[in-house]
Amino acid sequence: MPSPHLSIVIPMFNEEAVLPLLADRLRPLADAMVDDGVCAAYEIVAVDDGSTDATPVLLQRLRRTWPEVRVLRLRANAGHQAAISAGLARARGDYVVTLDADLQDPPEVIREMLTIARTEGVDVVYGVRTDRTTDSGFKRWSARTFYRAQRALSSVDTPLDAGDYRLMSRATVDAVNALPEHHRVLRFVVPALGFPSATVGYRRAERAAGESKYPLARMLKLSVDSVTGFSLTPLRFATWLGLIGGLAALAILVFALGSRLAGHTLPGWTSTVVIVSAVGAVQLLALGILGEYVGRMYAAMQGRPTYFVAHDSLGEPEQPPQDRV
């Protein structure tokens, strides 16, 4: 396979329902960019993140009819961000696009991203969701809060409503791959590099098929990891305990005030109970936050890989393309 000018990295986990729709929509667009001279050659790096459904079978079948498809299979499910990192480490293109398989981010924007990167001479082009009416009200509110809180808590100038749909130059990809950080959140790591960038707006569509791989629990975890860079469940338990203690302190405050008004308390009892409860909650919360950063340093010292590659189809002998059935 010739060295590609454009690599499209697509993380996949149990995407058997949407994979045929993705191929039918993405291949004509990619082939058209080659025919129109937008890019000389391309590769599709499909990162199978330990799928347990028919996704691996469909990918191997797709390779027989689409020679540009390259399958990178991980030994176990490592998570969305780790799968993207694995794809970036193996991608060979001068420009690399990261795209989710659910078709909520339209592949048609890739041509515009590549054009802007060339004409404006930027290293990164972010896909920004200017219309999220297809998302639920809670998801729109939580995403808006998440991005604004992240910008307030850190010095990273992250484009609002920009997820993992982006185009990066080879220099950007090499810089990301060189970072020693584990469990990184790429939507904040890439802006932190400070490379010249631009944005492209698009309307976020509904998921074409299958189920979302980002339930509320994963969204909360991604939010905390974005602030601390790492998380360990035992240490994070102290944080949640502190928050629960704070709520308990408020409940005790209400109870103590009610008891005082009813005349069932001794002088000084109310203030003592409330102060002790509040101080204990604050201490646990501070300990939990400190534990988050200690856990991050501990993970960095261990240096354990976030993923393990089981198979890369690039090393397989090429098969002659077959007609579609």
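Residues numbered from 1 in each chain as written. Predicted model: local features only at pLDDT ≥ 70, side-chain atom pairs only at ≥ 80, totals over all residues. Heavy atoms only, no water.

1. Overview of the overall build of the protein
Worth spelling out the cut-off: Going along the chain from the N terminus, every DSSP run of H or I of four or more residues is numbered as a helix, and every run of E of two or more is numbered as a strand. Two residues qualify as a contact provided that any one of their heavy atoms is within 4.5 Å of a heavy atom in the partner residue. Areas reported as accessible are Shrake-Rupley estimates using a 1.4 Å probe. Residue values count occlusion only from the protein chains shown.
In terms of regular secondary structure, the protein is built from 10 helices and eight strands. Look at the contacts in the protein between residues 6 or more apart in sequence, and 81% of them connect residues 24 or more apart. Here the protein has roughly 16300 Å² of accessible surface; of this, 62% comes from carbon and sulfur atoms.

2. Points about a nonpolar patch on the surface
This is how it is decided: Patch building starts from residues that exceed 30% relative accessible area and form no salt bridge, then joins like charges within 9 Å and nonpolar side chains (Val, Leu, Ile, Met, Phe, Trp, Tyr) within 5 Å. Between Lys or Arg on one side and Asp or Glu on the other, a salt bridge is scored when a side-chain nitrogen of the former is within 4 Å of a carboxyl oxygen of the latter. Relative accessibility under 20% of the residue-type maximum defines a buried residue, over 50% an exposed one, and the middle range a partly exposed one, all with a 1.4 Å probe and only protein chains included.
Where nonpolar side chains cluster on the molecular surface, the patch consists of L287, L290, V294 and M297 and spans about 390 Å² of accessible area. Positionally, V294 belongs in helix α10 (residues 269-302). Look at V294 and you get partly exposed, because its relative accessible area is 40%.

3. Details of the packing of aromatic side chains
Rule in force here: Aromatic rings from Phe, Tyr and Trp, with only the six-membered ring used for Trp, were paired whenever their centres fell within 6.5 Å, and each pair was classed as stacked if the ring planes differed by under 30 degrees, edge-to-face if by over 60, and tilted otherwise.
Overall, the coordinates contain one aromatic pair when judged by the stated rule. For the ring pair Y165 and Y202, a centre distance of 5.6 Å and an interplane angle of 75° mean the geometry is edge-to-face. With Y165 in strand β6 (residues 162-169) and Y202 in strand β7 (residues 197-203), this residue pair connects regions lying 37 residues apart in the sequence. Like Y202, Y165 is buried.

4. Overview of the pattern of salt bridges
In this structure the tally under the stated criterion is 12 salt bridges. With a closest N to O distance of 3.0 Å, R25 and E108 form a salt bridge. Here the residue R25 occupies a position in helix α1 (residues 19-35), and E108 occupies one in the loop between β4 (95-98) and α4 (109-120), the gap between them amounting to 83 residues. Looking at R25, the relative accessible area reads 32%, which means it is partly exposed. R70 serves as the salt-bridge partner of E43, at 3.5 Å between the closest nitrogen and oxygen. You can see E43 sitting in strand β2 (residues 42-48) and its partner R70 sitting in strand β3 (residues 69-74), a full 27 residues away along the chain. Comparing E43 with R70, the two get one shared label, buried. Counted as one network, the salt bridges with shared partners bring together E43, R70, R90, R92 and D312.

5. As for unusual backbone geometry
One non-glycine residue, N14, lies in the positive phi region at around 55°. If you trace the backbone, N14 turns up in the loop between β1 (6-12) and α1. On the accessibility criterion, N14 (23% relative accessible area) is partly exposed. If you check the backbone angles, L103 has positive phi at about 65° while not being a glycine.

6. What about the sheet that holds β1?
Basically, it comes down to this: When DSSP finds two or more bridges between a pair of strands, those strands are recorded as paired. Every axis corresponds to a line fitted to the C-alpha atoms, with the helix fit spanning only the stretch in contact, and the corresponding angles, defined between N-to-C directions, vary from 0 to 180 degrees.
The strand order across the open sheet formed by eight strands is β7-β5-β6-β4-β1-β2-β3-β8, and the pairing between neighbours is mixed. The open sheet has two edge strands, β7 and β8 (309-312), and neither has a second partner. For this sheet, the mean inter-axis angle between neighbouring strands, taken without regard to orientation, is 20°. For β2 and β3, the ladder comprises five bridges, and the chain directions are parallel.

7. Remarks on the environment of G315
Mapped onto the fold, G315 is located in the segment after β8. Residue G315 is classed as exposed on the basis of its relative accessible area, which comes to 72%. For the pair G315 and R70, spaced 245 residues apart in the sequence, the C-alpha separation amounts to 9.7 Å.

8. Considering helix α2 (residues 55-65)
Side chains of residues three or four places apart in an α-helix project in the same direction, reflecting 3.6 residues per turn. Listed in full, the buried residues belonging to α2 are T55, P56, L59, L62, R63 and T65. Contacts made by the buried residues of α2 are with β1, α1, β2 and β3.

9. Things to note about the confidence of the model for the protein
Regions with low pLDDT should not have their predicted coordinates read in detail. Put simply, the test is: Looking at any residue, its pLDDT shows the predictor's confidence there, from 0 to 100.
Averaged over all residues, the pLDDT of the protein is 81; the fraction at 70 or higher stands at 76%. At the level of individual helices and strands, the protein shows its lowest average pLDDT in helix α8 (residues 216-228), which scores 60, and its highest in β4, which scores 97. Below pLDDT 50 for its whole length, residues 321-325 participates in nine contacts with residues either more than four positions away or in separate chains.

10. With respect to the nonpolar core
Just so we agree on the cut-off: Nonpolar core, defined: a set of buried Ala, Val, Leu, Ile, Met, Phe, Trp, Tyr and Cys residues in which side-chain atoms within 4.5 Å join the residues together.
If you look at the biggest cluster of nonpolar residues, it comprises 40 residues, and the most contacted ones within it are L6, I10 and I110. The next biggest cluster of nonpolar side chains, apart from the first, holds 21 residues, and it includes V47, Y126, V128 and M168.

11. Focus: the pairing of β6
Across the eight residues of β6, eight count as buried, placing the element largely inside the fold. With four bridges connecting them, β4 and β6 associate as antiparallel partners. Bridge assignment links Y95 to a residue of β6, and that residue is S169. The pairing of strand β5 (residues 124-131) with β6 spans four bridges and is classified as antiparallel. Bridging from a neighbouring strand, V124 pairs with M168 of β6.

12. A short note on the side chain of D49
Put simply, the rule reads: Two N or O atoms form a polar contact when they lie within 3.5 Å of each other; inside protein one atom must be a possible hydrogen donor and the other a possible acceptor, and for residues adjacent in sequence the pair counts only when both atoms belong to side chains.
You can see D49 is positioned in the loop between β2 and α2. For D49, the side chain forms a polar contact with the side chain of N77, separated by 2.9 Å.

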